[in-house]
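# Close look at the chain arrangement
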Amino acid sequence: MYPRPFHYHRAASLKEAATLLSQLGDDAKPLAGGQSLIPLMKLRFANPSHLVDLNFVPGAAYIKEEGGSVRFGALTRHSEIEKSGVAARVPILHDCAAGIADAQIRNRGTIGGSLAEADPSGDWAAVLLTQKTEVRCLSPRGERTVPLAGFISDAYTTLLERDELVREIVVKSPEKGSGGAYLAFKRSAPVYPTASAAVHLAMEGDICKDAAIVLGCVGLVPVKATAAEGALRGSKIDDKAVTAAMEAVRAAVDPQSDMRGSAEYKRTLAAALVKRAIAVAVRRARGERVEVSHIYA
Ligand SMILES: Cc1cc2nc3c(=O)[nH]c(=O)nc-3n(C[C@H](O)[C@H](O)[C@H](O)COP(=O)(O)OP(=O)(O)OC[C@H]3O[C@@H](n4cnc5c(N)ncnc54)[C@H](O)[C@@H]3O)c2cc1C
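Below you will find a few notes about this structure. Sequence order as written defines residue numbering, which begins from 1 separately in each chain. Side-chain atom pairs in this predicted model are given and counted only at pLDDT of 80 or more, local residue features only at pLDDT of at least 70, and totals for whole chains, interfaces and linings cover all residues. Only heavy atoms go into the side-chain values, all of them from the structure, while hydrogens and water stay out.

## So, the overall build of the protein
Elements are defined by DSSP. Helices are runs of H or I of four residues or more, strands are runs of E of two residues or more, and each kind is numbered from the N terminus. For the protein, the count of helices and strands is eleven helices and 15 strands. For 297 residues, the compact-globule estimate of 2.2 N^0.38 gives 19 Å, and the protein sits close to it at 19 Å. Taken along the three principal axes of its C-alpha coordinates, the protein extends 60 × 45 × 30 Å. Considering only intrachain contacts with a sequence separation of at least 6, the fraction spanning at least 24 residues in the protein is 62%. Only the protein chains shown count as cover for residues, with accessible areas throughout obtained via the Shrake-Rupley method and a probe of 1.4 Å. Surface summary for the protein: the accessible area is close to 13600 Å², and the carbon and sulfur share equals 52%. Each radius of gyration reported is based on C-alpha atoms, and the globular scaling rule is 2.2 Å times the count of residues to the power 0.38. The contact rule is simple, with two residues in contact once any of their heavy atoms fall within 4.5 Å.

Structure (structure tokens):
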């Protein structure tokens, strides 16, 4: 189906885009990679009267390491992150970027669009919530920085005002002796995962000093598995601790039965993904180079 007619505006800067959004009113939407918005418009689930295109804004896509953080311009494509040497120093970021859909979608879709979309099945939010991540937002009223933890309030809902843009995503570089991993289970490349698990562990020898575990696709927003984190924190990462974490994950998630699987299947899957991700995270924390990819049915 064709989208309903709309007016097209090409912004020359993010500031101009925010001003246009403010002037054009409720029916205007920013367009980034279009990999969520355009399909929704074709299905006529989204019917904006005005699209403000961000794709021609110079300098809005970049990956930089600065001041102990990795910074992503909102328009940075998943494929640019996949190929980035800077992002590869935080392997969980590479795990995520390389696993999103297929090459065509990764070449268009952006990290800023992905967070702004807040799709419960999206990969970036779950991964970045295991890191110290801030979102820098821009509106005609100026800039504000919000922790990612408070940015997504519900499925497809963020705290962005209608004339506010994601400008930059700032991820604090993980401390030495820590490691993370992100694993998703998918039926095929160009579909969203059935379930996914992001794990980040700070280790001191065999003991886990700190843990962050976030599950994707098993709730309306990414699920922070606080009890599972507690089961690992201060413990040796042995079978007992991992089993306790898996049990806590099963209790934390709230999946829906759908075409990807039953709720019970997804609960079991989330726990199994966490177990595998913990094993990779421990090895990476020791400094081992471990390649992982999403798991396909
Ligand atoms: C077949 C298919 C499979 C996919 N599979 C996956 C998958 O496995 N995992 C995954 O994570 N994603 C997947 N995606 C989605 C893809 O990752 C998109 O990149 C992402 O959802 C949105 O990014 P975008 O740049 O395309 O944003 P757009 O589609 O352009 O925009 C999405 C929404 O965010 C708003 N927006 C965009 N940029 C900004 C900004 N800078 N500031 C404020 N608002 C903004 C738009 O107005 C719109 O409401 C898939 C998409 C398709 C079509």
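Next comes the rest of the description.
## Observations regarding the environment of Tyr182
Mapped onto the secondary structure, Tyr182 falls in strand E11 (residues 178-186). Between the C-alpha atom of Tyr182 and that of Leu115, which follows or precedes it by 67 residues, the distance is 17 Å.

## Quick notes on unusual backbone geometry
The phi torsion at Arg44 lies on the positive side, around 65 degrees, for a residue other than glycine. Looking at the secondary structure, you find Arg44 in the loop between helix H2 (37-42) and strand E3 (50-53). A 1.4 Å probe rolled over the protein chains alone gives each residue an accessible area, and that area as a share of the maximum for its type sets the label: buried under 20%, exposed over 50%, partly exposed in between. Given the relative accessible area of 29%, Arg44 is considered partly exposed. In this structure, Cys217 takes a positive phi of about 70 degrees despite not being glycine. Mapped onto the secondary structure, Cys217 falls in the loop between strand E13 (207-216) and strand E14 (223-224).

## Some remarks on helix H11 (residues 263-285)
A helix is expected to span 1.5 Å multiplied by its residue count minus one. Here H11 spans 32 Å end to end across 23 residues, near enough to the 33 Å set by a 1.5 Å rise per residue. After H11 finishes, the residue Gly287 shows a positive phi value of roughly 100 degrees.

## Some points on the site of the ligand
Here a residue counts as near a molecule or strand whenever at least one of its heavy atoms sits within 4 Å of it. Looking at the ligand, there are 32 residues lining it, with Pro30, Gln35, Ser36, Thr110 and Asp123 nearest. Definition of a polar contact: a pair of N or O atoms within 3.5 Å, with one able to donate and the other able to accept a hydrogen when the atoms are protein atoms, and with sequence-neighbouring residues admitted only if both atoms are side-chain atoms. Between the ligand and the protein, one listed contact pairs an oxygen atom with a backbone N or O atom of Pro30 at 2.5 Å. Contact between the ligand and Leu37: an oxygen atom at 2.7 Å from a main-chain N or O atom of the residue. Here the ligand, which alone exposes 970 Å², has 92% of that area covered by the protein. Contributions of two or more residues to the shell around the ligand are made by strand E2 (28-31), helix H7 (111-117) and strand E10 (165-172). Sort the elements by how many residues they give to the shell around the ligand and H7 lands first, with four residues. Within the shell around the ligand, the residues separate by chemical class into 17 nonpolar, ten polar and five charged. Nonpolar residues are Ala, Val, Leu, Ile, Met, Phe, Trp, Tyr, Cys and Pro. Charged residues are Asp, Glu, Lys and Arg, and all others, Gly as well, are polar.

Note that all results are geometric; they support no functional claim without further evidence.
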